[in-house]
Amino acid sequence: MSELSDLYQEVILDHNKNPRNWGHIDNCSNHSEGFNPLCGDHIDLFLNVEGKTIKDVKFEANGCAISKASASIMSALIKGKNFEEVKALYDEFHQIVTHGCEDHEPTEINLEVFCGVKEYPTRVKCATLAWHTLVDALNKV
Amino acid sequence: MSELSDLYQEVILDHNKNPRNWGHIDNCSNHSEGFNPLCGDHIDLFLNVEGKTIKDVKFEANGCAISKASASIMSALIKGKNFEEVKALYDEFHQIVTHGCEDHEPTEINLEVFCGVKEYPTRVKCATLAWHTLVDALNKV
Amino acid sequence: MNSLINNPQEIAQIRNDFPILQTKMNGKPFIYLDSAASTQKPKVVIDAITDLYTNYYSNIHRSVYHYSQLSTERYENAREIIRKFINANRFEEIIFTSGATESLNLIAYSYARFNLQEGDEIIITEMEHHANIVPWQQLAKEKNLILKYIPINERGELVWEEYAKLLSPRTKIVSLVHISNSLGTINPVKEIFAKAKKVGVVTCLDASQSIQHTQIDVQDLDCDFLAFSGHKLYGPTGIGVLYGKFDLLDKMVPFKTGGDMIKSVTLEKTIFADLPERFEAGTQNIEGAIGLAAAVIYFQSLGIDRILEYENHLLNYATEKIMEIPEVKIIGTAEKKASIISFILEDIHPHDIGTILDKQGIAIRTGQHCTQPVMKCFGIPATARASLAFYNTEEDINVLIKGLKTVIQTFNV
Amino acid sequence: MNSLINNPQEIAQIRNDFPILQTKMNGKPFIYLDSAASTQKPKVVIDAITDLYTNYYSNIHRSVYHYSQLSTERYENAREIIRKFINANRFEEIIFTSGATESLNLIAYSYARFNLQEGDEIIITEMEHHANIVPWQQLAKEKNLILKYIPINERGELVWEEYAKLLSPRTKIVSLVHISNSLGTINPVKEIFAKAKKVGVVTCLDASQSIQHTQIDVQDLDCDFLAFSGHKLYGPTGIGVLYGKFDLLDKMVPFKTGGDMIKSVTLEKTIFADLPERFEAGTQNIEGAIGLAAAVIYFQSLGIDRILEYENHLLNYATEKIMEIPEVKIIGTAEKKASIISFILEDIHPHDIGTILDKQGIAIRTGQHCTQPVMKCFGIPATARASLAFYNTEEDINVLIKGLKTVIQTFNV
Ligand SMILES: Cc1ncc(COP(=O)(O)O)c(C=O)c1O
Ligand SMILES: Cc1ncc(COP(=O)(O)O)c(C=O)c1O
């Protein structure tokens, strides 16, 4: 049985309380809305993409700590990255939330906090909402 | 456990094979049709009523031995009887098929064969079909 | 019978009737505070199902052999037990369905669809479960009907004056929830129905949350239709009940069609069967009906008045204890409430609360409880909800309170 | 795996899995010859239900606590087991219903009602169960559609040439029974569907009697819809399955509406959920789905090919033995038959036969088997029907034969 602290770590609680890149971008190049009907989680994601690089990112979200923190951490990670790098991050994140970290050392320190999510199947959707919204936004290029 | 012979007695088998008062009456005074969807039992009952007396009765029926025999026995019993007598027979029959004959000696020998029907709940409807059709026909006076 | 309040022996005995209450969840004694979503099953219900399949199962209404007769008898006896339980007049007024949702759909489909005309009005409330909103919305769209909502006040009570204003000569149906599953409010249905009846409006009651928390008497309430689910009344899933007044049901067309609900079928046409078979097409949920009957008998054997008294005591105890935590706000503070407590905890999302409590063996429900309009009224995305049944104890509530304090600690609010 | 023919040990073992087969009915060893009406349940099914309610029951799709997750997981796993069992492409194509009847009603209501226009034609057959007649008749009446019937010949087989003539540019749906419950006929559905598909007709299979007597592969059959009931597949009552091709289902409106099948509900409007939830309104029959999954796993573990071989052997044995009684006439003598034998005995009414056999512990079905048009075709009011499953034995058939001789003796024919 995993301990509670596996999920509700300082980092998550901090990002939940003080989300990075909060707000919206007027005239953004890409925008998408994500919705998780089970919890009522909701995210509005704004991107400014130039060439194949994410120049700027902002979001506004309503929802649980896991989904908000995930969005905040994601926004910090992808800012300034190109599509290829973002894709690699997405794949890694997906791997972590579905399989944990036993066979895989996260490349980014902030992804480590999601190692415990797979023990909470109903919360996986909360953690991935932001990332799925990101994919959706990028597909709108 | 009652024995099979309780239900399928000689009398029933005889009436089933050689139903009394079989046929129909042209220009009858009362007619009714009875139907038991569970078994597909079907009866056409024709009466000639004069005053308050059943002068003539005929029937045609499709169905199981119990329902046919019951119709045949009924037709023999009610012929020539007045409404009051018929009502008494109806009540007695009803009593027999629902409660058996332990507390009640049938007044007519041919009603005795129905003493065992209550052991066969699904067959009670077969036995009573003719009698319910009779009531229906008389109500049409 | 003795009161169940301050009667730990008897409560312990009752808890013993429910095998699942003896288990551990996540390594901690299982504290079940989600009875409004579904109740747990006493052993007698499980046994009734086992008995059926072990000793006499067969399809019903179909054959002359003994087991088929016996199965039919038990199934029809279940109908009779339910009839008595809600004091219906006739057995034909009790229709078995797959649940409250199907019962409500049946009313909308088989009654309203054929009896309402363009421009006619249906009144429901702002605190309905989706099961008593969506079928009406769909029908309203199809037939151009008007759907009106009795509003709720900040305590989560219906606003009577507004109801009076909504009633009009075009009103054809008033359909409302007896006890709100998200707020706990007990609605004054008898008064609401009486007012509707005066102007000839058909009344329909969603008793999903009241069948297990009140004494229901359909004749006293004078409702034309009533719906509930077996699984919220300590019975199996997949079975529910529609009550309808004979004269109304008898004029209605079937919702589903098929075997066992017809008198005759030819290639050209079909004559439908009498009540209640007309509304029970196909092989029925035999184990569901028999299991539900066992549940009702068990429930009644405990003494409904005693249960209500005890549940009310638990509600007061829990409300008091929760209100002692300043960070918590209860949503739904009606004067008359059943043992359902929705709350929010500062800005901590209910799902986070639920997850943290889960780790301590506590099962509460979190979310919108299929009542999105209620959430909108209160301007909140979701709530956490603790709902209590007679098998709960003050100790369960103490554990919940401890759990909530852990949540607060974790989040440092 | 060994053959089950001449393998009394293994059959005895299998019979041991079914508690009810160890009972006596009317004081005589219980001989169950009514599996076409409903099958008996192996202990693993009863145990799965007991396990659910004893160890982890909770409402599904609703909360974050462990038991709710576990119940949801098992429920969704049941869907996956069924998907594999009938070789559907995607889990979204498996909809849980309350039974075959509801599945067929859902197709008529949610698909046909919205996609067919006045004058469009639906083809069914003269050997359909009422569940695959009445919903279409009702719809035809409502929308002025034309319902056509593929006729049957004196053996109870479909007349292929007539089918070819019935197909027209207005044909929109071909819906038929795979195995007739009153005649035992196995229809050449693959060929029938192939012909329909060539002209773009939607195909629909009533697999109520074939799911337990054949290997069903929806992709191989190329059917658009398929319906069956759990209780005929050794599972609980109150649960059934609708299979539908994703692209068709995805464009369909829900049949029942309420909780758990919506994305959002406001007072004004509703957005429906994705598949499969869109068609699963309200609390589902959780125990039904989990019990059915246990039944399917059990059924598969026996080896479907072995079962079919053995059942076919029983059919041949029984047919032979029955034909040795000159007074008996078998109704339904198709070349390809499943283990269902309808018969009449001179002019002795089937209900009298049933009653006399019952006293000897033998359960057969008597009546019209919800196929009145079939009875009309053969000009008979009803039949007696013995239907066999893999838990039956040659000895069961011997007892039946002895029973039929008692009937003849009693009636002195
Ligand atoms: C061929 C056929 N179709 C449909 C049905 C209806 O199934 P259910 O009554 O389980 O809904 C049956 C069973 O009676 C059947 O045999
Ligand atoms: C008030 C109310 N109405 C209707 C329902 C629907 O019941 P079910 O999901 O059992 O059909 C529920 C339960 O969720 C409820 O609480």
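Residues numbered from 1 in each chain as written. Chains lettered and ligands numbered in written order. Predicted model: local features only at pLDDT ≥ 70, side-chain atom pairs only at ≥ 80, totals over all residues. Heavy atoms only, no water.

A. Just the interface of chain D and chain C, in detail. Taken together, the 86 residues of chain D in the interface contact 87 residues of chain C. Summed over both sides, the interface of chain D with chain C buries roughly 6800 Å², with 56% coming from carbon and sulfur. Its largest share of buried area at the contact with chain C, chain D owes to Tyr53, Tyr65 and Leu267 of chain D, together 10% of the area lost on that side. The interface formed by chain D and chain C includes four salt bridges. For the salt bridge of Glu102 of chain C with Lys256 of chain D, the shortest nitrogen-to-oxygen distance reads 2.5 Å. The interface formed by chain D and chain C holds 36 residue pairs in polar contact (both at pLDDT 80 or more) in total. Each residue belonging to the side of chain D that touches chain C can be placed in one class, and the counts come to 33 nonpolar, 36 polar and 17 charged. (Contact = heavy atoms within 4.5 Å. Buried area = accessible area lost by both parts, 1.4 Å probe. Salt bridge = Lys/Arg side-chain N within 4 Å of Asp/Glu carboxyl O. Polar contact = N/O pair within 3.5 Å; in protein donor to acceptor, adjacent residues only side chain to side chain. Nonpolar A, V, L, I, M, F, W, Y, C, P; charged D, E, K, R; others polar.)

B. A look at the interface of chain A and chain D. Taken together, the contact between chain A and chain D spans six residues of the former and six residues of the latter. In terms of surface lost to chain D, no three residues of chain A exceed Leu38, Pro121 and Thr122 of chain A, which account for 63% of the buried area on that side. Where chain A packs against chain D, one counts zero salt bridges. Taken together, the connections running from chain A to chain D amount to one residue pair in polar contact (both at pLDDT 80 or more). Looking at the side of chain A that touches chain D element by element, the count peaks at three residues for helix α5 (residues 121-139) of chain A. (Helix = DSSP H or I, 4+ residues; strand = E, 2+ residues; numbered from the N terminus.)

C. Seen up close, the relation of the copies chain D and chain C. Taken as rigid bodies, chain D and chain C are interconverted by a rotation of 180° and an axial shift of 0.0 Å, the fit giving an RMSD of 0.0 Å. Expressed as an axis order, the relation between the two copies is that of a two-fold axis. Among all residues of chain D, the one whose C-alpha sits closest to the rotation axis is Gly238 of chain D, at a distance of 3.1 Å. Mapped onto chain C, 100% of the interface residues of chain D are again interface residues, and the two copies thus contact each other with one and the same surface. (Least-squares fit on C-alpha atoms with pLDDT ≥ 70 in both.)

D. Geometry of helix α3 (residues 65-78) of chain A. The end-to-end C-alpha separation of α3 of chain A is 20 Å, in line with the 20 Å expected for 14 residues at 1.5 Å each. Looking one or two residues past α3 of chain A, Gly80 of chain A carries a phi angle of roughly 85°, positive in sign. (Expected span 1.5 Å × (residues − 1).)

E. Representation of the environment of Lys68 of chain B. All names here are of chain B. With respect to the secondary-structure elements, Lys68 resides in helix α3 (residues 65-78). Taking the relative accessible area as the measure of exposure, Lys68 reaches 18% and is therefore buried. C-alpha of Lys68 to C-alpha of His99: the two residues are 31 residues apart in sequence and 21 Å apart in space. (Buried < 20%, exposed > 50% of the residue type's maximum accessible area, 1.4 Å probe, protein only.)

F. Main features of the site of ligand 2. Around ligand 2, 15 residues are found, and the nearest of them are Thr101, Asp206, Ser229, His231 and Lys232 of chain C. More than one chain lines the surroundings of ligand 2; the residues nearby belong to chains C and D. Take His129 of chain C: an N or O atom from its side chain is 3.0 Å from an oxygen atom of ligand 2. Side-chain polar atom of Thr283 of chain D to an oxygen atom of ligand 2: 2.7 Å apart, as the coordinates give it. Considered on its own, ligand 2 offers 390 Å² of accessible surface; in the complex 98% of this is hidden by protein. Taken together, the residues that form the shell around ligand 2 break down as three nonpolar, nine polar and three charged. (Near = heavy atom within 4 Å. Areas by Shrake-Rupley, 256 points an atom, 1.4 Å probe, with all protein chains shown as cover.)

G. The arrangement of the domain arrangement of chain C in detail. All names here are of chain C. One can read the domain layout of chain C as domain 1 (8-40 + 303-408) and domain 2 (47-300). Relative placement of domain 1 and domain 2: their C-alpha centres are 28 Å apart. Every contact between the two is made by 39 residues of domain 1 and, on the other side, 33 residues of domain 2. Carbon and sulfur atoms make up 57% of the surface buried where domain 1 meets domain 2, a total of about 2800 Å² over both sides. The interface formed by domain 1 and domain 2 contains zero salt bridges. Mapped by element, the contributors of at least two residues to the side of domain 1 that touches domain 2 are α11 (304-323), β14 (340-345) and α13 (372-378). Broken down by element, the residue count for the side of domain 1 that touches domain 2 peaks at six residues, all from α13. The residue makeup of the side of domain 1 that touches domain 2, split by class, is 21 nonpolar, eleven polar and seven charged. (Domains from an automatic or database assignment.)

H. Quick peek at the environment of Ile146 of chain D. All names here are of chain D. Here Ile146 is to be found in strand β6 (residues 146-150). According to the relative accessible area criterion, Ile146 is partly exposed, its value standing at 37%. In this structure, the C-alpha to C-alpha distance between Ile146 and Glu121, residues 25 residues apart in sequence, is 4.6 Å. Among residues more than four places away in sequence, those in contact with Ile146 are Gly119, Asp120, Glu121 and Ile122.

I. Geometry of the packing of aromatic side chains. Scanning the model with the defined rule gives 48 aromatic pairs over all chains in all. When the centroid spacing of 5.8 Å and the interplanar angle of 70° are considered together, the rings of Tyr109 of chain C and Tyr109 of chain D count as edge-to-face. Of the two residues, Tyr109 of chain C is situated in helix α4 (residues 100-115) and Tyr109 of chain D in helix α4 (residues 100-115); the pairing between them involves two chains. Residue Tyr109 of chain C is classed as buried on the basis of its relative accessible area, which comes to 14%. Summarising the aromatic geometry, the rings of Tyr234 of chain D and Phe390 of chain D are spaced 4.9 Å apart at their centres and angled 45° between planes, so their arrangement reads as tilted. Here the residue Tyr234 of chain D occupies a position in the loop between β9 (225-229) and β10 (240-244), and Phe390 of chain D occupies one in the loop between β17 (383-387) and α14 (394-411), the gap between them amounting to 156 residues. Of the two residues, Tyr234 of chain D and Phe390 of chain D, neither departs from the other in class, the shared state being buried. Connected via pairs of aromatic rings, a cluster forms that spans Phe18, Phe85, Tyr234, Tyr298, Phe299, Phe390 and Tyr391 of chain C. Between the NZ or CZ atom of Arg74 of chain C and the centre of the ring of Tyr56 of chain C, over which it lies, the distance is 4.6 Å. Across from the ring centre of Phe246 of chain C, 3.7 Å away, lies the NZ or CZ of Arg90 of chain C, which sits over that ring. (Phe/Tyr/Trp six-rings, centres within 6.5 Å; stacked < 30°, edge-to-face > 60°. Lys NZ or Arg CZ within 6 Å of the ring centre and 35° of its normal.)

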